[in-house]
Amino acid sequence: MLSDRRQRILYALIEEYVAHALPVGSQTIAKHYKLGVSSATIRNELSYLEDQGYITQPHTSAGRIPTDAGYREFVDEVLASDELMKLPGFETMASDIRSRAEALDSLIERTSEELTRLTDCLSIVMAPSIIKMRIRQVSLISLTNRQALIVIVSEDGHVAERHVSFPIDVEPDRLHEIQNVLTKVFSGRSLSEMDDVRLGMVDLMQDSVGPIIVNEVLDSLHDCNSVRRSRVGVSSLMRKPEFHDASALLPIMEVLEDDTVLFRVFDPSDVTDSGIMVRIGSENETEQLSGASVIAGSYGRGDAQGVVAVIGPKRMDYSKVIGAVRAAQEILNEDLH
């Protein structure tokens, strides 16, 4: 465990490095931080911190930069704080997001945009999986005798729409009958409970248009499940010194394009008691993220659980980003309650 003085010197070095992306020397810390000790003492303490693996010296004549272990020491202190960090302007931000968001999908997009604006990093907000989400209503709207619009509303407010065509004429009254059956069967159930759902549609599946509509409903649910996330801020990452080289950014982009990897990276079950998951560099199980940090938190409960996350360089303002993620959690949680 570090002494109070060594902690303060380490935190000063991290703050300086985050701000300027340059190795930090003892004279810089002595000049800009009132630690009550000389530059020589700071230099000795930096040597100790380096020996213990909290910082490293990229070049012999350069100052030091934090290691993953150094960032972890700082982040653990931030997470242990009892005070729930509220960003300046949080209430205004929350009110503005809600006023422009008519449904959960819109709220997710707005929240992701605000996260990127506040953190200057890449943000991802993933909606609760429709596979587990319970369905509230299925509506069939007649467009022509051979075309209809399927509208599916889940309990979290997600709305999915899909056009369907029929090989024969279907009267609006018949569509209404099928709608009543679908709503009765699907209401309160999820796609993961399909065995029970299918048992309630035996008669409907014998109908000439029943199987067509049911298959379109199921395909719609599967399709919207694969895209229920909002990702904003790739350009913000590209402006960071760490990612000026495209080869450093490419692995992160590969992760973002793979939904399977994304769900594993942001598994809500990995979130700690603090409500926030922070993985720094090598702590990420996914090798593509070894050069980045991921801060994530879950929102909602049980089947209606989603993830809000920020991806950025290891050299990020952890206090600010953690505060932003917590603010986003609050906004999304209030909408689901």
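Residues numbered from 1 in each chain as written. Predicted model: local features only at pLDDT ≥ 70, side-chain atom pairs only at ≥ 80, totals over all residues. Heavy atoms only, no water.

What to know about the packing of helix α1 (residues 4-20) against helix α3 (residues 39-51)
Convention followed: All axes here are fitted lines through C-alpha atoms, helices being fitted over the stretch that makes contact, and every angle between N-to-C directions spans 0 to 180 degrees. Secondary structure elements are taken from DSSP: a helix is a run of H or I of four residues or more, a strand is a run of E of two residues or more, and numbering for both begins at the N terminus. Here the angle decides the label: under 35 degrees means roughly parallel, over 145 means roughly antiparallel, 65 to 115 means roughly perpendicular, and every other value means oblique. In what follows, residue pairs with any heavy atoms lying within 4.5 Å of each other are defined as contacts. Residue polarity follows a fixed list, in which Ala, Val, Leu, Ile, Met, Phe, Trp, Tyr, Cys and Pro are nonpolar, Asp, Glu, Lys and Arg are charged, and the others, Gly among them, are polar.
α3 packs onto α1 with a crossing angle of 85 degrees between their chain directions and a minimal axis gap of 10 Å. When the axes of α1 and α3 are compared, the pair comes out roughly perpendicular. On α3, the residues that touch Arg5, Arg6, Ile9, Leu10 and Leu13 of α1 are Thr41, Ile42, Glu45, Leu46, Tyr48 and Leu49. Within the contact of α1 with α3, the residues separate by chemical class into 7 nonpolar, 1 polar and 3 charged.

A word on the sheet that holds strand β4 (residues 135-144)
Spelled out, the test is: In this analysis, strands are considered paired if DSSP registers two or more bridges between them.
Taking strand neighbours across the sheet as the criterion, the 3 strands line up as β4-β5-β6 in an open arrangement whose pairing is antiparallel. Both outer strands of the open sheet, β4 and β6 (159-165), are each paired with one neighbouring strand and no more. On average, adjacent strands in this sheet sit at an angle of 20 degrees to one another, irrespective of strand direction. Pairing between strand β5 (residues 147-154) and β6: 7 bridges, direction antiparallel. Bridge pairing links Ala148 to Val164 in β6. Of the strands in this sheet, β4 and β5 are in contact with helix α7 (residues 172-186), which crosses β4 at around 165 degrees.

Notes on α7
Here is the rule: Each helix should span, by expectation, one fewer than its residue count multiplied by 1.5 Å. With a 1.4 Å probe rolled over the protein chains alone, any residue whose accessible area is under 20% of its type maximum counts as buried; one over 50% counts as exposed, and the rest are partly exposed. An arc is given here, and it is the one of the directions from the helix axis to the C-beta atoms.
Here α7 is 15 residues long and its end C-alpha atoms lie 21 Å apart, about the 21 Å a rise of 1.5 Å per residue gives. The complete set of buried residues in α7 reads Leu175, Ile178, Gln179, Leu182, Val185 and Phe186. Buried residues of α7, seen end-on, are gathered within an arc of 135 degrees and therefore sit on one face of the element. For α7, the exposed residues lying more than 90 degrees away from the buried face are Asp173 and Lys184. Directly after α7, the chain includes Gly188, whose backbone phi takes a positive value near 80 degrees.

A closer look at the pairing of β5
With 7 of 8 residues buried, β5 lies mostly within the body of the structure. Where β4 folds back onto β5 in an antiparallel hairpin, the turn is made up of 2 residues.

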